[in-house]
Amino acid sequence: MTRALHRRPSDRPPSRLKRNVALVTVTGVIGAAAFAAGAANAAPTDVSEAEGTFLGGAVAGVDLDNLAAITNAYAENPSGTHPEDSQPLGAEVLNSLGVEISGGIQLFGENGIIELGAVNQFAVANDDGSAEAASGAVTNDGGIAIGGDGAPLSDASVNLTPLVDPLSLGTVSELGLTLGALSATAEHTPPAAATGDYQIAGADLQLTSPLVSEVYTELSTQIGGVQTSLDGLSAATTSALNDLLNVNLLLVRTQGDGVQFTAPDVTALLPEGFVGDGAVQVNLETGQVIVDIEQLLADDPTLPDLNDLPENYEILSGPVLAAISDAITSTITSIVTDVTTDVRAAVETASLSVDLNLQVFSVVTWLNVVSLSLDAPLSAINDGTASFSVDVLGSTALVNTLLATLGFGTVDDLASGLLNAVLGTVGTVFDTVDALESTLDTITSGLAIDVVGPVLDVLTNVVSLTGNVVERPGDLPPHDPSGTESFTQRAVTLALLPTLAPPAAEVHLASATVRGSEVAEIDPAIAVDPGTVAPGDSTTVDGTGWPPNSTVTVELLDPEGVVVATVEDVPTDEEGNFTTPITVPGGSVDGAYTVVASDDDGNTAEAPLAVEDDGTEVDGTEVDGTEVDGTEVDGTEVDGTEVDGTEVDGTEVDGTEVDGTEVDGTEVDGTEVDGTEVDGPGEPAEPTVTVDPDTAQPGDTVTVTGEGWPANSTVTVVIEDEDGNEVLVVENVPTDSEGNFSIDVEVPDDATAGVYTVYAFDEENEAFDLLTVTVPSVGDRELTSSVTEPRLQRGEVQTFIASGFEPGEMVSGLVESSHTIALPAQAANDDGSVSWTFVVPAGFELGTHTATATSDEVGDSTASSFEVYMTSTATPGGGTSTGGTSTGGGSLARTGSDSAPMILLAALGLIAAGTAVRYGVGRARATQG
């Protein structure tokens, strides 16, 4: 993830920065009413108090809590707002505060160091002495929910660049800190101790260091040197070979494609943008570094998580700084190492080809006396494993004589000289790669001390970040008279220029403070005096055990429970007592009345009051018993009218289905009498096996048919790949009475292109046939192939052409028969085609043969068939005349051949068999001085 640094405005003059560091004062803040007289204070005897404050701290000793533009959430019980107070703050309010650090640097506001998001602030002070507070990313829906739906962002972005010492700008030119959603909560329910919690939804450190970008500069310079050597390799190699082959004779010349080399663009391997797979992301080119502090802590088991820090944990010091240093060093080292590894790989895999013909003019035409070719990656040339191919026209002895006359020595001498020349120019390229790695090893080995260490020194001089800040006592004064202290929980405290005494600024973000106290248990009671009064008279109601400093409602209920008199808002004193008169309305009937007291918290108490009118009330006029119980006669509903059992279980008689009516055994085994079929008296002497079709793709089904095997026996069928690995085995394949069998088998889905052998065998016999497997084209492309000669004889030239590949894609060829011809891999041309020209060997089997072209990169293939129908005449020595591509009875495929070598042989009169010689680079190196 890429984040932009909070950049210092370009129009801020550097000279002003020099004054910012040493002097810190607070200037005008939002007019004359910048600071209030002080924070609200609860009455000393309040039972509970709470405060939610998102922004607090001090700048040059001035308390930020007193900023007039900010109203904190503050609740006190019972003297002030209670039980709850809520004070949300918008970002526009927080960022409009005009607190200035000397030199014109604003702490907040436009171009300020700190930019804040919108927040909520809550405080709750309850009658029972408990208190709760919260601030930051919080919501309030009947309670406090941290980070709930709809909670404000409550984030903070801190641009520390203006505080960097001008003398340190060569080490750190930009510095910033981003904190995700912040929140803090606190709760106190005596007699339990107060508790708190906090949340920090991510913390990123951002910096730009010229020291880091210098690593990129050195890397770019060294890779540029490698690129220069690659770009000049073709010309350097051509010059070296020309110096060896230039004989300045009219009848001798060199021809061919010469040196072919496409230099890879290793400068494209330089890192771009932010790179890193852990807690650190580095843009090496710009020198920007982003450290995800939350992930860094989570990745290190020896460090606490960001949201599980010990109390008052300094995040940017000690073990955390060591982890940051290790992570930055490791990330930069990894980037540099990966780039150098990629550069070496690009150089090693780049392919160099040489195609030269030493020609002599003879009678009417130029003859290729010696053809030299090399096509290998630079790594193989450099380490001595590449091979240089030399094709000699006719007799090697005669050619050696000619070369000696021309001053080249022998064929061996010529090949060695050419290899040494190529090795010299290629070795120069690898020297630049070695220099790149050596230089960068020196740089990366000193990263921790020379680069990262100075960067972190600047960081710790500019800022200190403390998480899970807990203060005992807290921001509120203690309770009087109990002495109970308040408790404050903060998410973070940010100190700017912490090495100063005091720091330039100390800013608290997301604070919650609570103070509770034990409140005597509420046990309300009332009494009335006198307890008997006449209608129109009053009685006094005395209450005890009610919540102190609250209000009570007193009501008088008649004998029917109807309220006949009410006294509202009766105050309780500090001990929870009250006294109030209540009058019985005149004309009230005599009887047992009730006095009830209640408050808003649900507390109630009652006392009886007798109302008598001078004794005229006659007891007994109400005759009890006029209501006769029992008029409802239980039992009129007669249970049992629903007679259970009318549904007779069992009417379904199981067993009507008689098992056994199906009589097994009516089919009599044995009516087929084995042995009545009599096999013939003999077996074919030579069993055969045939695969149809003989060309298939993975997943296709082919039929394997056998004839002439022992009758009524079994055989095993096995399919083997070119390396002799069994890819399919089918055992116990039965033969019929005539010794024949036929089975269908499926070519394995993972079979690769090639010629497979299908064997059938028993204990005494064996036979085989060949199966060519081709891999279908992938994607939208369609591979095609053809041969120039559908029918030809041994010793004649065949050309196999395949098309449909991507330009530059490497393709290998294969011709399978009793002689296998491996056609060397080559790159497809611009039309996506490849071709091989080869001579059919003298011993090549008559019949149909398959040539297959297979992509080395993708694996798909295409195949074509041709027929060999007669044997050509062999040359002395048992080999065929192939223009120098065979020795003895074997054969080596070569590309681009036609009938020209035979014409040249005849012209020179070199009738001996052609010779193919391969000289390795290792041999050539042995001749170097």
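Anything mentioned here points back to the structure above.
Below you will find a few notes about this structure.

What counts and what doesn't
Residues numbered from 1 in each chain as written. Predicted model: local features only at pLDDT ≥ 70, side-chain atom pairs only at ≥ 80, totals over all residues. Heavy atoms only, no water. Helix = DSSP H or I, 4+ residues; strand = E, 2+ residues; numbered from the N terminus. Buried < 20%, exposed > 50% of the residue type's maximum accessible area, 1.4 Å probe, protein only. Phe/Tyr/Trp six-rings, centres within 6.5 Å; stacked < 30°, edge-to-face > 60°. Lys NZ or Arg CZ within 6 Å of the ring centre and 35° of its normal. Polar contact = N/O pair within 3.5 Å; in protein donor to acceptor, adjacent residues only side chain to side chain. Contact = heavy atoms within 4.5 Å. Core = buried A, V, L, I, M, F, W, Y, C linked by side-chain atoms within 4.5 Å. Salt bridge = Lys/Arg side-chain N within 4 Å of Asp/Glu carboxyl O. Pairing = 2+ DSSP bridges. Axes fitted to C-alpha atoms, helices over the stretch in contact; angles between N-to-C directions.

1. Considering unusual backbone geometry
Move 1: Of note, the amide linkage connecting Arg472 to Pro473 takes the cis form, showing an omega dihedral of 0 degrees.
Move 2: Looking at the secondary structure, you find Pro473 in the loop between strand E24 (463-471) and strand E25 (487-496).
Move 3: For the bond from Asp692 to Pro693, the omega torsion is -5 degrees, close enough to zero to count as cis.
Move 4: Following the sequence through the fold, Pro693 ends up in the loop between strand E35 (688-692) and strand E36 (695-696).
Move 5: A positive phi is found at Asp569, a non-glycine position, where the angle reads about 50 degrees.
Move 6: By the element assignment, Asp569 lies in strand E31 (residues 563-571).
Move 7: The class of Asp569 is exposed, set by a relative accessible area of 56%.

2. A word on the packing of aromatic side chains
Move 1: The tally for this structure, following the rule as stated, stands at 4 aromatic pairs.
Move 2: An angle of 65 degrees between the planes, with centres 5.9 Å apart, marks the rings of Trp546 and Phe578 as edge-to-face. Here Phe578 lies in strand E32 (residues 578-583) and Trp546 lies in the loop between strand E29 (538-544) and strand E30 (551-557), a separation of 32 residues in the sequence. Each member of the pair, Trp546 together with Phe578, is buried.
Move 3: Centroid distance Phe800 to Trp836: 5.8 Å. Interplanar angle 20 degrees. Geometry classified as stacked. Taken as a pair, Phe800 in strand E45 (residues 797-803) and Trp836 in strand E48 (residues 834-839) lie far apart in primary sequence, 36 residues in all. Exposure class is identical for Phe800 and Trp836. Each is buried.
Move 4: Taking NZ or CZ as reference, Arg791 lies 4.3 Å from the ring centre of Tyr869, over its face.

3. Looking at the side chain of Asp721
Move 1: Secondary-structure assignment places Asp721 in the loop between strand E38 (714-720) and strand E39 (726-734).
Move 2: Reaching out from Asp721, the side chain makes a polar contact with the backbone nitrogen of Asn725 at a distance of 2.8 Å.
Move 3: Filtering out sequence-adjacent residues up to four positions away, Asp721 remains in contact with Val727, Val755 and Tyr756.

4. Structural notes on the nonpolar core
Move 1: In this structure, Leu55, Leu107, Leu182, Leu284, Leu378 and Leu509 are the most contacted members of the largest nonpolar core, which totals 132 residues.
Move 2: Setting aside chain neighbours within four positions, we find Leu284 in contact with Val212, Ser213, Val215, Tyr216, Leu219, Pro271, Gly273, Ile332, Ile335 and Val336.
Move 3: Counting residues in hydrophobic clusters, the runner-up holds 21 residues, among them Ala696, Val715, Val745 and Ala760.

5. Topic: the side chain of Asn283
Move 1: Among the secondary structure elements, Asn283 is positioned in strand E18 (residues 280-283).
Move 2: A distance of 3.2 Å separates a polar atom in the side chain of Asn283 from the backbone nitrogen of Thr286.
Move 3: With sequence-adjacent residues up to four places away left out, Asn283 is seen in contact with Gly273, Phe274 and Gln288.

6. A short note on the environment of Asp300
Move 1: Within the element layout of this structure, Asp300 appears in the loop between helix H5 (293-299) and strand E20 (313-314).
Move 2: Looking at Asp300, the relative accessible area reads 21%, which means it is partly exposed.
Move 3: Considered as a pair, Asp300 and Ala323 are 23 residues apart in the sequence and their alpha carbons are 8.0 Å apart.

7. A few points about the pattern of salt bridges
Move 1: By the definition in use, this model includes 10 salt bridges.
Move 2: One salt bridge connects Arg344 with Asp434, and the closest N-O pair in it is separated by 2.6 Å. Separated by 90 residues along the polypeptide, Arg344 in helix H6 (residues 319-349) and Asp434 in helix H9 (residues 411-445) bring together distant segments of the chain.
Move 3: Between Arg490 and Glu471 there is a salt bridge, with the nearest N and O atoms lying 2.9 Å from each other. Here the residue Arg490 occupies a position in strand E25, and Glu471 occupies one in strand E24, the gap between them amounting to 19 residues.
Move 4: Linked by salt bridges that have partners in common, Arg344, Glu348, Asp434 and Glu437 make up one network.

8. Brief notes about the sheet that holds strand E14 (residues 182-188)
Move 1: Taken in spatial order, the 5 strands line up as E4-E8-E9-E14-E15 in an open sheet, and their pairing is antiparallel. Two strands in the sheet have a free side with no partner beyond their single neighbour: strand E4 (84-86) and strand E15 (195-200). The average undirected angle you get between the axes of adjacent strands in this sheet is 5 degrees.

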